[in-house]
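What the coordinates show
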Amino acid sequence: MPENSKKMTNLQQVPPPRVVVLAYDGLCTFEFGVAVEIFGLPRPEMGDDWYRFSVAAVDNGELRATGGIRIVADGDIRLLDDASLVVIPGWRGVDAVVPPALCDALCRAHARGCHLLSICSGVFVLAATGLLDGRKATTHWRYTETLKTRYPKINVVEDVLYQDEDTLLTSAGSAAGIDLCLHVVRRDYGLDAANRVARRLVIPPHRDGTQTQQVIRPVAQLRESQRFGQLFDFLHQHLTVNHSVSSLARRVGMSQRTFLRRFADATGTTPSRWIITERLLRAKEYLESSRLSIDSIAEQTGFGHAATLRHHFRQQFALSPAQYRKHFLVSGAQDLERLG
């Protein structure tokens, strides 16, 4: 957790956020597991203020999940009354009716400041509440046309990994739910905490929500996958260095043309854009957790000059670094006040 967040938490003595994940008959096992793994797994290395977690049953009686699994919940949807975040896994079917009692419970939770997060087709549950009307939302590319047709008041954003509308968050297919949940961890506890969770999951630390869903990625050969893993580690350790395509291609033992093609297959972007994105994430971390000047952050993240950092930061986040730092501190204080 960033130093400033720790200080505010210690001063306010607020309880940690409570995450409630919905369970229902016909549950999507993978997406449910994503929420459990990221928010429900005990993490003593994170201290005593990590998330509190519980499972709320939408239906009465036995809850059957994909793969023959049976779910035993901690309680019913009344658990939403005490939630800071409600996670909605993929719904049992885009044509399945959402119970009015669930819609009412979600609306009550949202009205008192609870954040609502859907994964994949879980967006149809949020849509049924009416809370997404006039807002941006996304879902798996297979369901975007259905969502647009059925709920024309929603601004459906196609082909992104996730959409953050402050208290309403939606993600694309199942794996994109991991990215969105890590995004929430980063927002709640800072970039370092999100990266530590990602390392335990043995996944890349962050994929920006605007990244495309439909990158065609052939499965890499084992040797090639290892070489790129080592390259990413090298780049993370040397973000301030000016890298060329030729030097990176030599490092992985490929021609420049092959390297650019394989890099795009693995990441969906170019080496230069990937490096800029990683530098921006590092800059965010400094802005959140330090009092370094913008000039110093620009130098320590490889941008060299504050003007260059500001240019890329505004282009990516529609905020200046100084505005982001102020917004982060104000948002953190408001969240602590709300939870208190």
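Here is a short report on the structure shown in this document. (Residues numbered from 1 in each chain as written. Predicted model: local features only at pLDDT ≥ 70, side-chain atom pairs only at ≥ 80, totals over all residues. Heavy atoms only, no water.)

1. Thoughts on helix α2 (residues 29-40)
Given 3.6 residues per helical turn, the α-helix brings residues three or four places apart onto the same face. Note the following rule: To sort residues, take the accessible area from a 1.4 Å probe on protein chains only and compare it with the maximum for the residue type: under 20% means buried, over 50% means exposed, and anything in between is partly exposed. A run of H or I in DSSP counts as a helix once it spans at least four residues, and a run of E counts as a strand once it spans at least two, with each numbered from the N terminus. In this context, the arc is that of the directions from the helix axis out to the C-beta atoms. Contacts are residue-level and defined by heavy atoms, with any inter-residue pair within 4.5 Å sufficient.
Looking only at α2, the buried set comprises E31, F32, V34, A35, I38 and F39. All buried residues of α2 project into a common sector of 150 degrees when viewed along the axis, lining one side. Each element contacted by the buried residues of α2 is listed here: β1 (18-23), β2 (52-57), β4 (69-71), β6 (85-88), α6 (174-189) and α7 (191-201).

2. What about the packing of aromatic side chains?
Formally: Between the rings of Phe, Tyr and Trp (Trp by its six-membered ring), a pair exists once the centres lie within 6.5 Å; its type follows the angle of the planes, with under 30 degrees stacked, over 60 edge-to-face, and the other angles tilted. A ring has a charge above it when a Lys NZ or an Arg CZ is no more than 6 Å from the ring centre and no more than 35 degrees off the ring normal.
Evaluated as defined, the whole model comprises 15 aromatic pairs. Residues W50 and Y51 carry aromatic rings whose centres are separated by 4.8 Å and whose planes lie at 75 degrees to one another, so their mutual orientation is edge-to-face. Residue Y51 is classed as buried on the basis of its relative accessible area of 8%. A cation over a ring is seen here: R251 above F234, with NZ or CZ 3.5 Å from the ring centre.

3. A short note on the sheet that holds strand β7 (residues 115-118)
Put simply, the test is: By definition, two strands form a pair when at least two bridges between them are found by DSSP.
Ordered in space as β5-β2-β1-β6-β7-β11-β10, the 7 strands form an open sheet in which the pairing is mixed. With one partner strand each, in any of the chains shown, β5 (75-76) and β10 (162-165) form the two edges of the open sheet. Bridging between β1 and β6 involves 3 bridges; their strand directions are parallel. Residue pairing across strands places V20 opposite V86, the latter belonging to β6.

4. Some points on the packing of α6 against α7
The test is simple: For helices, the axis comes from a line fit to the C-alpha atoms of the stretch in contact; other axes are also lines fit to C-alpha atoms, and the angle between any two N-to-C directions lies between 0 and 180 degrees. Two helices cross in a left-handed way if the nearer one is turned anticlockwise from the farther one by less than a right angle. They cross in a right-handed way if the turn is clockwise.
One can describe the packing of α6 onto α7 by two numbers: an axis separation of 7 Å at closest approach and a directional angle of 145 degrees. Read as a crossing pair, α6 and α7 show a hand that is right-handed. Across from L182, V185, R186 and Y189 in α6, the residues of α7 making contact are L191, A193, A194, V197 and A198.

5. With respect to the pairing of β6
The condition is simple: By convention a crossover is right-handed if, when the strands point away from the viewer, the path from the first strand over the helix to the second runs clockwise.
On β6, burial covers both faces: L85 and V87 on one face and V86 and I88 on the other are all buried. Alignment of β6 against β7, held across 4 bridges, turns out to be parallel. Residue L85 lies in a different strand from β7, and its bridge partner there is H115. Between β6 and its parallel partner β7, the chain crosses via helix α3 (residues 100-111), and the hand of that crossover is right-handed.

6. Structural notes on the environment of G177
Residue placement: G177 occurs in helix α6. For the pair G177 and F30, spaced 147 residues apart in the sequence, the C-alpha separation amounts to 9.8 Å. Each residue touching G177, except ones within four places of it in the same chain, is listed here: V34, I119 and S171.

7. Quick word on the pattern of salt bridges
Definition in use: By definition here, a salt bridge exists when the distance from a side-chain nitrogen of Lys or Arg to a carboxyl oxygen of Asp or Glu is within 4 Å.
Inspection of every chain in the model, using the stated rule, returns 11 salt bridges. Of the charged contacts in the structure, one is a salt bridge between R200 and E45, with a shortest N-O distance of 3.0 Å. You can see R200 sitting in helix α7 and its partner E45 sitting in the loop between α2 and β2, a full 155 residues away along the chain. Overall, the relative accessible area of 45% leaves R200 in the partly exposed class. Look at E45 and you get partly exposed, because its relative accessible area is 33%. A salt bridge links R187 to D164; the nearest nitrogen and oxygen atoms lie 3.1 Å apart. Note that R187 is positioned in helix α6 and D164 in strand β10, a separation of 23 residues in sequence. The partly exposed category is assigned to D164, whose relative accessible area is 26%. A network of salt bridges, in which partner residues are shared, links E145, K148 and E158.

8. Examining the nonpolar core
Heads up, the condition is: Only buried residues count toward a nonpolar core. Its members are Ala, Val, Leu, Ile, Met, Phe, Trp, Tyr and Cys residues joined through side-chain atoms within 4.5 Å.
Counting 69 residues, the largest nonpolar core has F39, L80, V86, V87, L102, L117 and V185 as the members making the most contacts within it. Counting residues per element, this core draws most heavily on α6, which supplies 8 residues. The residues touching V87, leaving out its near neighbours within four places in the chain, are V19, V20, V21, L22, A35, F39, L117 and I119.

9. Some thoughts on the side chain of T170
As for its position among the elements, T170 is in strand β11 (residues 168-171). Contact partners of T170, with chain neighbours within four places excluded, come to S118, V123, L126, L132, A137, T138, Y162, Q163 and L180.

Without other data, these values stay purely geometric and don't point to any function.
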